[in-house]
Each structure stands twice: as structure tokens, then as C-alpha cells.
Amino acid sequence: MTAQLKLVTPNGYRALTPETVLPYLAGVPAIAAKLGGAPAAWTAREVGDGNLNLVFIVEGSAGAVVAKQALPYVRLVGESWPLPLSRAHFEHLALVEQAIHASQFVPEIYYYDADMALTVMEYLTPHIILRKGLIQGITYPKMAVHLGQFLADTLFNTSDLKLSAPEKKQKMAQYLDNTAMCKISEDLIFDEPYFNAPLNRHTTPQLDDISVAFQNDAPLKAAVQAFKWKFLNQPEALLHADLHTGSVMVTNDDTRAIDPEFAFYGPMGFDIGAVIANLILSGFAQDGYAGDRTAYKAWVFDQIAVVWNTFAEQFAKNWRTQASGDAYQTRLYGADQSFIDLAIAQRLSAIWADTVGFAACKTIRRILGLAHVEDMEVIGDADTRAACERRALQFARDMLLAPQNYSSAQILVQKGKQA
Ligand code: SR1
Ligand code: MG
């Protein structure tokens, strides 16, 4: 364990280690009971492979839990990049809210300690991270449907379609201080890939030309900034706000979204676009893996349409059956179905347009920015990796500059398979 991880702050926060997490949890009666037996017999291991936090799996004779603790800096970069511990608070708040609307798709929360920036939750097993499953070529028959449902239920129920304007504003206010996390997204997704930011990296020299070309591509940069504008100015619903395939745990028939520490009120298409971007990245990465992944690549792209179609269907159903908010009030149409049909079609069309744009921005940032994805990184041969990345970059650029050619999920899938 490094000196970094023994960090202590004045309010009682101390970064835990596999050794110190055990006595800490022994002091929490509800967790001690869940683990069972003598604390001396418990085991703990740190398994965090994300960019920001510590994650411990703690096992006892009766059960196991996950303890997730925020570090006061970006783990990926080190102590030179401080990051507020308050993100644990926003993550906890979002997990509680998501559990109200979609409990089957989030981990159960057992305990939260604000001072320690630590949440103890359900140990999901035999789940694995979706991204790792996609790299292994595993098909998950329910994953895309589950993600579509999760998106529809969390986004609808935290929007002005479900909430009164005062309720919505009160909820929005709870997340307004998550500014440091929003700033990471603002910088890393929308800005840094388009100038020579110090922490940028890409497969070099293979992608040097396209990196420079993107930095000098005024129409592309303007299109991306239009989506940054939406990210800054369009608080439609409570977002998970980092819903990539590393934030999803799966089995054959279970799907859970984890890690909503970036949560804030933003455009719905940002969350849907995150899922789709990561399926796009996985799809293009398949060409770089050993063996014939042709059929699997097609399956990955097909899941994009399943996510969107499920989202759209469930969102429309929620709207027709549960609308009680101040937007599109039911007093405007009564039994007139033509109004609600039109309203749903228009809103879904706007969400789809946002989804396409955000998905493209998120695809590009994972290839030219700081934080990359394992899907591409595991392709050892740089020429092969660069060829996959280049196809993804060109596809994303086209989505941003010719969105009229991506007017439906089916068309996007078709084009992705052919690209
Ligand atoms: C500095 S954090 C880099 C990225 O990791 C997180 O998962 C978010 O996607 C963030 O942009
Ligand atoms: Mg995360």
C-alpha cells in the first residue's frame, strides 16, 4: 500500500486500506452482522480499477459487502489533481433516488458515512463489469433491455413529466454543488480532445494526423460545443452522468448500474448517449480481437437499437400512464390522443438527436482525450488498435456533422456495422 492511500484529513476522513477497512466495518453493527462471525476471520481486498476511487470487497462467514471510498484526488492521475470527497454524497443521493424508480437495476445500499466518503453496498456476484464481458465476447440477452428500462424509469421519474416544477427544482438544487465532477466532463469530453491538452493521449504516431485534423476542424468543434452548451444548460432529468460499460455490472439475466458520482440534472441524451458510445467503441474494437468476431460485432451494434427502442417504448408508456408533472399537463388534452401522440413523438425525436450527438462526443473523448477504454487498450498491436480507433473516430465525426443520416437507432446500427 502506498503512502498516498494513508491520507488523512481534518474532519476524520482517512483513506482506508485492506487492513484498516476491517476494524472500520467491525465498528458498524449492521455491516458486522451481515458479514457474520469474528472480524478477525474477515478478509478484504482492494479491487478498484476505475479512475477515481477505492473499492474493497469484504467477506465474512455469513456474507460479503462492497465498501467504496472516494479519494481526495483523481486516482488515475494522482494527488496533483485534487477532487472533492463530496462526490460520495452525490453518488449516495443518486443511488437512493434511482432505487426509488428502478431498484432492480442498482445495488442495494447498506450504509453511508459522509465524513469517510464511504458507501457500503451489495456485493454483486457472480456479476462482472459489462465492458469486460464485451471484451470476452459474451452475449447478455437481457442487458440492453434492462439498460433501456433503467434509463426510461430514472429519466422519466426525475423530469418535469413526472414532477411538479417546484419538486423538480428542489431536486435539481440538491445536485448543484457537484460542480467538480461536472467540470471533469465539461473539460474531458467537450474541450480537451480538441486542443493540445497536456493530459491528452492517443495511439501515436498512427493517429497523429487525425488528432491534429480534429483539433483544426472548425465544424466539428462547433458541433461538439453545441453539445457542451446542452450539457451546461439543459437540466431535463437526474442523470447517472457516467453510464459507460465500466459502470454496469452484469450476469446472464441481471444488470446493475453502479457509480453515479457524476450525478446532476442534465440532458437525457447524455446518459443514453453514454451507453451507446460505449457500445460503439466495443463494436469497433471487436475487429482488433483474435478470432472471428463478425457475428459478435453485429450483436454489439444491435444492442444499441435494443437500448434505444426499449427506452423509447418504456418512456412513452410511463408518460401515458404516470404523467403528473408540470410539462405537457394532462389538462391540455384530456381524451385527445392526437396531442399526446404528437408530444411523445416530438420529445423522443429531440432526445434521440441529443443521444446521437452526446454518443459521438463520448466516443471521440475515449480515443483522443485523457481517459481511454479497455476495449481498445487491450488491443496490443498499435497498428491494429489505431485502425479500430480511426474507424470509431470517423464514424463519430460523421454522427456530429451529418446527424440527419442517423435519424433512427436502426439506421445508426446499420451504418455502424458497415463502417
Ligand atoms: C479524471 S476522471 C476520467 C473519467 O473517469 C470517469 O469514469 C469519467 O468518465 C471521467 O471522465
Ligand atoms: Mg465511475
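The text that follows walks through the structure, step by step, so that each part is easy to find.

Parameters at a glance
Residues numbered from 1 in each chain as written. Chains lettered and ligands numbered in written order. Predicted model: local features only at pLDDT ≥ 70, side-chain atom pairs only at ≥ 80, totals over all residues. Heavy atoms only, no water. Helix = DSSP H or I, 4+ residues; strand = E, 2+ residues; numbered from the N terminus. Expected span 1.5 Å × (residues − 1). Buried < 20%, exposed > 50% of the residue type's maximum accessible area, 1.4 Å probe, protein only. 1 Å grid on protein atoms, 1.4 Å probe; cavity = no way out; pocket = protein on both sides within 12 Å on 5 of 7 lines; lining within 4 Å. Points joined across faces, edges and corners; volume = space filled by probe spheres on them. Nonpolar A, V, L, I, M, F, W, Y, C, P; charged D, E, K, R; others polar. Pairing = 2+ DSSP bridges. Contact = heavy atoms within 4.5 Å. Axes fitted to C-alpha atoms, helices over the stretch in contact; angles between N-to-C directions. Near = heavy atom within 4 Å. Polar contact = N/O pair within 3.5 Å; in protein donor to acceptor, adjacent residues only side chain to side chain. Areas by Shrake-Rupley, 256 points an atom, 1.4 Å probe, with all protein chains shown as cover. Sits in = over half its atoms within 2 Å of the grid points.

**Points about unusual backbone geometry**
So, step 1. Between T125 and P126 the backbone carries a cis peptide bond, its omega angle lying at 10°.
So, step 2. Position of P126 relative to the elements: it lies in the loop between β7 (118-122) and β8 (128-129).
So, step 3. P205 follows T204 through a cis peptide bond whose omega is 5°.
So, step 4. Positive phi values are uncommon outside glycine, yet A241 reaches one of about 75°.

**Considerations on helix α5 (residues 143-157)**
In an α-helix there are 3.6 residues to a turn, and that puts residues three or four apart on one side.
So, step 1. Along its 15 residues, α5 runs 21 Å from first to last C-alpha, staying within 8% of the 21 Å computed at 1.5 Å per residue.
So, step 2. With 13 of 15 residues buried, α5 lies mostly within the body of the structure.

**Concerning empty space enclosed by the protein**
So, step 1. This structure, assessed with the given rule, holds one cavity of 30 Å³ or more.
So, step 2. Lining the largest cavity are N53, K68, Q69, A70, R87, A88, E91, A117, T119 and E261.
So, step 3. Of all the secondary-structure elements, those providing two or more residues to the lining of the largest cavity are β3 (64-70) and α3 (87-102).
So, step 4. Taken together, the residues of the lining of the largest cavity break down into three nonpolar, three polar and four charged.

**A few points about the pairing of β3**
So, step 1. Of all seven residues that make up β3, six are buried, and the element is covered over most of its length.
So, step 2. Pairing analysis gives seven bridges linking strand β2 (residues 53-59) to β3, with the strands arranged antiparallel. Counted as the bridge partner of I57 is V66 from β3.

**Some words on the sheet that holds strand β11 (residues 255-257)**
Within a beta sheet, neighbouring strands are joined by backbone hydrogen bonds and run either parallel or antiparallel to one another.
So, step 1. Ordered in space as β8-β10-β11, the three strands form an open sheet in which the pairing is antiparallel. Edge positions in the open sheet fall to β8 and β11, since each of these has one partner strand only.
So, step 2. Two elements, strand β10 (residues 248-250) and β11, share three bridges in a ladder whose sense is antiparallel. Paired with M249 across the two strands is R256, which belongs to β11.
So, step 3. Each of β10 and β11 is contacted by α5, which is oriented at about 40° to β11, the strand it contacts most.

**Focus: the site of ligand 1**
So, step 1. Looking at ligand 1, the residues that line it are N51, L52, V74, W81, I184, L188, D242, H244, F262, R365, R366 and A371.
So, step 2. Here an oxygen atom of ligand 1 and a side-chain polar atom of D242 are 2.7 Å apart.
So, step 3. One of the side-chain N or O atoms of H244 is found 3.4 Å from an oxygen atom in ligand 1.
So, step 4. Burial of ligand 1 by the protein amounts to 95% of the accessible area it has alone, namely 310 Å².
So, step 5. More than half of the atoms belonging to ligand 1 lie within 2 Å of the grid points that define the largest pocket.
So, step 6. Looking at the shell around ligand 1, the elements with two or more residues in it are α7 (179-191) and α12 (337-368).

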